[in-house]
Amino acid sequence: MELTINDMTCAFTPGQTILDVAGAHGIFIPTLCRLPNCTPTGACRICVVEVWGARTLVASCAAPAAEGMIVHTDSDRVLRARRTILRLMLDSGNHDCLLCPAAGDCALQSLAFRYGVGTGAFERPRPRYRPETGNPFIVRDFSKCILCGRCVQACNEIQVNEAIDYGYRGAAAKIVAGCDTALAQSDCVFCGECLQVCPVGALSAHDARKKPRLCETRPVRSTCAYCGVGCQVDLHVAGGRIAHVRGAEDGHNEGSLCVKGRFALDFASHPDRLKTPLVRRDGELVPASWDEALDLAAGRLAAIRDAHGPGSLGFLSSARCTNEENYLFQKLARRMGTNNVDHCARLCHAPTVTGLMQAFGSGAATNPMDDIANAEVILVTGSNTTETHPVFAARVKRAVRAGAKLVVVDPRAVGLTRHATLWLRQAPGTDIAWINGLMHVILREGLENREFIAARTEGFEALRDSLAAFTPEHVQELTGIPAAQLEEAARLYARAGAATILYCMGITQHACGTDTVQALASLAMLCGHVGRPGAGVNPLRGQNNVQGACDMGALPNVLPGYRRVDDDAARRHAEGLWGAELSGKPGLTATEMIATDRVRAMFVMGENPMVSDADVGHVRGRLEKLDFLVVQDIFLTETARLADVVLPAASAAEKDGTFTNTDRRVQRVRAAVPCPGQALPDWRILNMLSERLGFGPGPESPEAAMAEIALAAPIYGGVDYRRIESEGLVWPCPDRNHPGTPILHRESFPRGKGRFVPVHAQPPAETPDADYPLTLGTGRVLEHYHTGTMTRRSEGLNRIVPECFVEMNPSDAARLGVVQGQRVRVASRRGEITVRAQVTGRVAEGHVFIPFHFAEAAANVLTNPALDPLARIPEFKACAVRVTPE
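Residues numbered from 1 in each chain as written. Predicted model: local features only at pLDDT ≥ 70, side-chain atom pairs only at ≥ 80, totals over all residues. Heavy atoms only, no water.

All right, on to the domain arrangement of the protein chain then. On domain assignment, one finds that the protein chain holds domain 1 (2-74), domain 2 (123-267), domain 3 (278-346 + 545-730), domain 4 (350-539) and domain 5 (774-885). Each of domain 1 and domain 2 was reduced to a C-alpha centroid, and the two centroids are 28 Å apart. Facing 10 residues of domain 1, the contacting portion of domain 2 comprises 12 residues. Among the residues domain 1 hides against domain 2, the three largest losses belong to L32, L35 and C38. Together they make up 56% of the total. For the interface between domain 1 and domain 2, the tally reads 0 salt bridges. Here domain 1 and domain 2 share 3 residue pairs in polar contact (both at pLDDT 80 or more) between them. Residues of the side of domain 1 that touches domain 2, tallied by class, amount to 6 nonpolar, 3 polar and 1 charged. (Domains from an automatic or database assignment. Contact = heavy atoms within 4.5 Å. Buried area = accessible area lost by both parts, 1.4 Å probe. Salt bridge = Lys/Arg side-chain N within 4 Å of Asp/Glu carboxyl O. Polar contact = N/O pair within 3.5 Å; in protein donor to acceptor, adjacent residues only side chain to side chain. Nonpolar A, V, L, I, M, F, W, Y, C, P; charged D, E, K, R; others polar.)

What follows deals with the pairing of strand β12 (residues 241-247). Judged from the 6 bridges that link them, strand β11 (residues 232-238) and β12 form a sheet pairing that is antiparallel. Across the sheet, the residue bridging to L235 is V245, located in β12. Once β11 ends, the chain turns through 2 residues before running back antiparallel as β12, passing G239 with a positive phi of about 60 degrees. (Pairing = 2+ DSSP bridges. Helix = DSSP H or I, 4+ residues; strand = E, 2+ residues; numbered from the N terminus.)

Here we come to unusual backbone geometry. Following W731, the chain continues to P732 via a peptide bond in cis, the omega torsion being 0 degrees. As for its placement among the helices and strands, P732 is situated in the loop between β30 (729-730) and β31 (754-755). Unusually for a residue other than glycine, V160 sits at a positive phi of about 55 degrees. With respect to the secondary-structure elements, V160 resides in the loop between α4 (150-158) and β7 (164-167).

Now for the nonpolar core. In a soluble, globular protein the nonpolar side chains are often hidden away together inside. In this structure, L108, I378 and Y716 are the most contacted members of the largest nonpolar core, which totals 148 residues. Counting residues per element, this core draws most heavily on helix α7 (residues 290-308), which supplies 8 residues. Ignoring any residue separated from it by four or fewer positions in sequence, one finds I378 in contact with I372, V396, A399, A404, K405, L406, V407, T500 and L502. By size, the runner-up hydrophobic cluster in this structure holds 53 residues, among which are V377, V407, V441 and M525. (Core = buried A, V, L, I, M, F, W, Y, C linked by side-chain atoms within 4.5 Å. Buried < 20%, exposed > 50% of the residue type's maximum accessible area, 1.4 Å probe, protein only.)

Going through the model one piece at a time under the given rule, you end up with 48 salt bridges. The residue E654 makes a salt bridge to R273 at a minimum N-O spacing of 2.8 Å. Here R273 lies in the loop between α6 (259-263) and β13 (278-281) and E654 lies in the loop between β27 (645-648) and β28 (657-660), a separation of 381 residues in the sequence. Under the relative-accessibility criterion, R273 is labelled buried at 3%. In this structure, E638 engages R641 in a salt bridge whose closest nitrogen and oxygen atoms are separated by 3.9 Å. Taking the relative accessible area as the measure of exposure, R641 reaches 44% and is therefore partly exposed. Through salt bridges with shared partners, one network takes in E387, R412, E807 and R842.

Further remarks concern the sheet that holds strand β17 (residues 377-381). The strands making up a sheet are joined through hydrogen bonds of the backbone, oriented either antiparallel or parallel. Spatially, 5 strands are ordered β19-β18-β17-β21-β22 in an open sheet, and the strand pairing comes out parallel. Of all strands in the sheet, those bounded by a partner on one side alone are β19 (422-424) and β22 (536-539). Each strand of the sheet is rotated relative to its neighbour by a mean of 15 degrees, with strand direction disregarded. (Axes fitted to C-alpha atoms, helices over the stretch in contact; angles between N-to-C directions.)

With that settled, the discussion passes to the sheet that holds strand β16 (residues 341-342). Taken in spatial order, the 7 strands line up as β14-β13-β27-β26-β25-β15-β16 in an open sheet, and their pairing is mixed. In this open sheet, the two strands that pair with only one neighbour each are β14 (284-287) and β16. Each of β25 (601-605), β26 (628-633) and β27 is contacted by helix α24 (residues 682-692), which is oriented at about 150 degrees to β25, the strand it contacts most.

With that settled, consider the side chain of T516. Here T516 shows up in helix α18 (residues 513-526). According to the relative accessible area criterion, T516 is buried, its value standing at 1%. With sequence-adjacent residues up to four places away left out, T516 is seen in contact with D431, I432, I435 and I507.

Within the element layout of this structure, A182 appears in the loop between β8 (174-177) and α5 (193-197). On the accessibility criterion, A182 (26% relative accessible area) is partly exposed. Along the backbone, A182 and N135 are 47 residues apart, and their C-alpha atoms lie at a distance of 8.4 Å. Beyond its immediate sequence surroundings of up to four residues, A182 is in contact with E132 and A177.

Here we take up the pairing of β25. For β25, the buried fraction is high: 5 of the 5 residues fall into the buried class. Both faces of β25 are covered, namely the face carrying A601, F603 and M605 and the face carrying M602 and V604. Pairing of β25 with β26 involves 5 bridges; the strand directions are parallel. Bridging from a neighbouring strand, V604 pairs with V631 of β26.

Attention now goes to α18. Between its terminal C-alpha atoms α18 stretches 20 Å, which fits the 20 Å expected from 14 residues at 1.5 Å a residue. Downstream of α18 by one or two residues, G528 has phi in the positive range, about 70 degrees. (Expected span 1.5 Å × (residues − 1).)

This next bit is on the packing of helix α8 (residues 323-335) against helix α25 (residues 702-712). In the contact formed by α8 and α25, the axes pass within 9 Å of each other and the chain directions differ by 65 degrees. Crossing geometry of α8 relative to α25 is assigned as left-handed. Mapping the contact onto sequence places N323, E324, Y327 and K331 in α8 and P702, A705, M706, E708, I709 and A712 in α25. (Left-handed = near helix turned anticlockwise from the far one by under 90°.)

In this model, α8 (13 residues) spans 18 Å end to end at C-alpha, consistent with the 18 Å of a helix rising 1.5 Å per residue. Within α8, 13 of the 13 residues are buried, which leaves it mostly tucked inside the rest of the structure. Downstream of α8 by one or two residues, G337 has phi in the positive range, about 100 degrees.

Moving on: the packing of aromatic side chains. This model, assessed by the stated rule, comprises 12 aromatic pairs. Consider the rings of F137 and F190, whose centres lie 5.3 Å apart with planes at 55 degrees: the pair is tilted. Here the residue F137 occupies a position in the loop between α3 (107-115) and β6 (138-140), and F190 occupies one in the loop between β8 and α5, the gap between them amounting to 53 residues. You'll find F137 and F190 in the same group, each marked buried. Taken together, F137, F190 and F263 form an aromatic cluster joined through their ring pairs. (Phe/Tyr/Trp six-rings, centres within 6.5 Å; stacked < 30°, edge-to-face > 60°.)

Structure representation (structure tokens):
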């Protein structure tokens with residue numbers, strides 16, 4: 001189909017607007033209200049064009065293109081209208097470009113310059129509303145607002161937070177939060193999407209006047225260092241500091257960020273940063289030179305290995321470090337003769353790797369995040385997605401707005417329950433029962449995918465036999481989920497053309513986590529919901545590079561690329577590459593290293609087990625008894641305070657490398673600012689230490705390290721920096737001509753046929769009793785991350801969530817005499833902490849929730865170290881506690 005714009009013939013497809021067609025053919029039409037992927041509103045009228053035969057000018061952003069249409073975008077009539085509109089906008093508010101933080105990045109300013117329009121054509125009204133400054137992130141200056149509505153669409157259609165909208169009428173019109181309250185008192189989560197899309201200076205960062213303007217900075221493209229979504233960010237730098245952070249609009253996150261990614265990189269310049277090596281003398285950590293610290297670390301590690309054997313060493317790698325650094329770290333451990341190397345995946349998704357490996361032959365997510373748009377049904381369980389993976393949660397919410405059915409299974413009223421078609425509220429620790437119940441109903445009603453089962457799986461008969469007892473009525477007794485809800489959820493999932501499962505630590509952090517993951521894999525295979533667009537099993541990785549750390553072999557049983565250490569061929573390949581004889585005996589997991597006194601020395605890079613591990617009282621005792629402890633980090637963490645040597649490292653904003661997100665997408669990380677003081681990138685520290693241990697020089701750059709990774713890990717064989725310069729690659733990518741593999745298991749599984757594994761319901765390792773009558777679950781909140789090392793040094797985040805708390809059901813609170821905001825003691829069989837009570841229906845009666853970010857009230861003082869027998873993960877999500885008012 002064709003139309004004519006400015007005497008140019010332009011082809012178009014049905015559904016495009018005039019603005020779309022013009023843009024596709026390089027024809028400029030100005031716009032202030034148009035927001036990509038949102039419903040056109042025509043609010044600003046600046047995009048008006050002249051259409052032959054039309055009585056009035058037409059808003060091109062909302063007008064559909066039509067066959068034979070004749071359009072003029074720059075006629076005298078159009079230009080007069082645009083200038084008048086611009087004069088009205090400029091004179092309707094306080095658009096003082098000299099003092100405005102948006103100057104140089106303001107669309108209104110640019111259009112005024114383009115069309116030669118100034119102020120003073122109309123009488124300027126006095127501002128009706130005072131600026132809002134009462135939160136730590138965003139200033140709202142209503143006198144600069146042109147009511148374009150982009151912020152409203154960003155909040156309601158992109159982030160789907162629904163915190164703001166238009167309010168009032170006529171001259172009193174404004175953008176309101178809630179019932180015209182302040183942002184801090186509304187449902188706003190401070191993602192900053194509105195700030196990024198605002199075309200004028202109505203929205204600005206709270207400290208914008210203390211920083212260089214955006215136009216005065218240099219952008220550096222990198223990857224966010226928080227959760228596993230791996231958002232692409234532009235770090236805007238001036239004077240060696242990060243002045244602004246913006247979401248990369250051409251990244252897979254499409255410009256979106258969360259409150260941490262946008263506003264919480266100030267930790268990088270915090271005065272607490274480690275700036276020099278430290279060594280312990282006379283019981284105190286004191287500054288030292290790099291030579292002294294590295295010589296001491298290398299000498300003591302080598303001496304302990306020589307005296308007690310390689311098994312006496314333990315290495316904890318880091319999901320916050322780059323792929324290249326994790327690779328070099330595990331390589332160092334193995335060249336020292338031990339496979340005792342692990343990282344925090346042991347505490348989050350170890351059951352995923354173990355369980356999915358047994359079911360599919362691969363332990364990673366099967367589908368990319370943007371594929372959620374192809375799912376007809378989305379089953380979310382054990383994931384507080386809106387707080388732990390906010391940008392991906394927005395995709396889920398948009399899918400629901402577009403018609404997808406959402407089933408949420410969670411004991412807590414997480415954010416997605418507001419958008420759910422069905423919310424199944426199970427008792428904590430009963431996940432296997434309800435998953436088996438779903439499969440029972442599917443088989444009972446003949447909804448299974450028999451063709452897929454016959455062609456792609458094995459072990460079906462044993463699975464079917466194991467499910468006979470899991471009737472909806474029995475599952476209701478075990479879980480508390482009403483039988484009718486269970487049946488409805490089973491039918492929704494099984495009858496969908498494509499359904500996807502999303503899960504996180506609510507599934508894995510149990511003593512039966514591996515079994516639960518296997519049950520989810522069986523559910524997907526039973527219905528044929530794997531290996532297709534919109535259909536898969538997708539664990540959401542909690543940290544920025546936990547996927548990559550696993551890929552790099554920072555695990556005790558596998559080499560890079562998940563090649564088993566006891567596989568002779570794989571081991572010989574690595575020996576040839578590294579020039580060292582390697583052990584074929586799987587090493588100890590992180591939890592086992594902490595539990596045994598056979599480990600006499602540890603090297604911890606970027607991990608903080610003194611806050612993150614279960615039963616931290618026991619952890620402290622073990623770390624204090626080590627003969628030698630080296631910690632490499634960016635702050636003097638609770639773990640670093642126990643060390644004999646502390647090595648100051650670079651943050652993600654200060655080094656080059658790659659992260660691999662939950663999609664399996666390998667993306668660039670780029671240095672934007674210099675390291676503070678004498679701190680160095682982790683990869684450089686590892687090279688220096690490796691040389692002192694007699695292993696020779698390491699890769700001279702992260703790019704050279706990635707070239708070595710491509711040789712060591714076949715799934716990364718086609719990854720190099722040239723190919724991922726602008727966009728990441730999704731593994732497996734075996735060679736440099738391979739485009740990557742966004743969707744796994746399309747034709748077959750890595751193990752051949754998918755394996756059904758029958759699993760049986762089992763209670764948590766510790767259940768409530770008269771002494772400890774409540775069940776504790778732990779997790780994250782939106783505003784903080786992991787052990788708080790970074791986010792608790794962000795001023796804005798600490799203003800929003802300054803301290804630890806316990807969520808209690810109103811019935812429990814009333815019974816115990818606890819009121820909102822009261823200080824209470826929470827005790828388990830392992831310890832006690834004092835926190836503030838939040839009385840809320842988010843948790844069910846008999847259940848309490850505590851976030852684990854706060855070292856001074858560490859939830860993991862309470863948690864149960866009982867382990868999954870295969871994955872060796874502690875049971876963070878269910879232990880017995882009591883609550884006592886202070």
